[in-house]
Amino acid sequence: MDKYIKEILDFDKKYGISKDNKPTFQNLFYSGLCIGGEAGELVNVIKKIWRDGDSIELRKQLSEELVDVVVYICKLIVIGEIDFDKAWKQKLEILHERWSKKLITERQVKI
Ligand SMILES: [Mg+2]
């Protein structure tokens, strides 16, 4: 993730939009709205693939919209001053714990 964050910060610096990445509530809120908007565009492409059938053009649009979502996720990591590696590790521990309990429960049901 660091690679993508660095690239988007370099991009913003190059085009003078770095102020948008300061840790303000307004930037946090705006970035969240952007993720929602881009996620909507991503889901719309998925809808078109489901409705109209898969195509090279729709797959291209799918990848573009996915990158748009990741761009704003990167910005949110910066704006929210999130230690993403730490957050990632903590969440994976939670998921491992949750799923290992689920597997135990499923095994007990089968017995
Ligand atoms: Mg988009």
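It should be emphasised that the depicted structure is a prediction, and the values quoted were computed from it without experimental measurement.

Caption draft 1: Representation of the overall build of the protein in the model. Counting secondary structure elements, the protein contains 4 helices and 0 strands. Reading the protein from its N end, one meets helices and strands in the order α-α-α-α. Seen through its principal axes, the protein has C-alpha atoms that stretch 65 × 40 × 25 Å. Scored against the burial criterion, the 111 residues of the protein give a buried share of 8%. Across the protein, every contact between residues at least 6 apart in sequence was considered, and the portion connecting residues at least 24 apart equals 73%.

Caption draft 2: Examining the domain arrangement of the protein more closely. Each domain of the protein was delimited in the assignment, giving domain 1 (2-80) and domain 2 (83-111). Placing the centre of domain 1 and that of domain 2 at their C-alpha centroids yields a distance of 28 Å.

Caption draft 3: A look at the packing of helix H2 (residues 25-52) against helix H3 (residues 56-79). Their axes nearest at 9 Å, the elements H2 and H3 cross at an angle of 165°. By the angle between their axes, H2 is roughly antiparallel relative to H3. Handedness of the crossing formed by H2 with H3: left-handed. Class assignment of the residues belonging to the contact of H2 with H3 gives a composition of 15 nonpolar, 4 polar and 6 charged.

Caption draft 4: Representation of the environment of serine 31 in the model. Following the sequence through the fold, serine 31 ends up in helix H2. Taking the C-alpha atoms as reference points, serine 31 and asparagine 21, separated by 10 residues in sequence, lie 9.0 Å from one another. Ignoring anything within four residues of it in the chain, the contact list for serine 31 reads Tyr72, Lys75, Leu76 and Ile79.

Caption draft 5: Here's a closer look at H3. Spanning 24 residues, H3 covers 35 Å between terminal C-alpha atoms, matching the ideal 34 Å at 1.5 Å per step. Three or more residues of H3 are buried, namely Tyr72, Cys74, Lys75, Ile77, Val78 and Ile79. Looking at the buried side of H3, the elements it contacts are helix H1 (2-14), H2 and helix H4 (84-110). Note on H3: the residue one or two positions beyond its end, glutamate 81, has a positive phi of about 50°.

Reading the values: rules and limits
Residues numbered from 1 in each chain as written. Predicted model: local features only at pLDDT ≥ 70, side-chain atom pairs only at ≥ 80, totals over all residues. Helix = DSSP H or I, 4+ residues; strand = E, 2+ residues; numbered from the N terminus. Buried ≥ 20, exposed ≤ 12 C-beta atoms within 10 Å, placed from the backbone. Contact = placed C-beta atoms within 7 Å. Domains from an automatic or database assignment. Axes fitted to C-alpha atoms, helices over the stretch in contact; angles between N-to-C directions. Parallel < 35°, antiparallel > 145°, perpendicular 65-115°, else oblique. Left-handed = near helix turned anticlockwise from the far one by under 90°. Nonpolar A, V, L, I, M, F, W, Y, C, P; charged D, E, K, R; others polar. Expected span 1.5 Å × (residues − 1).

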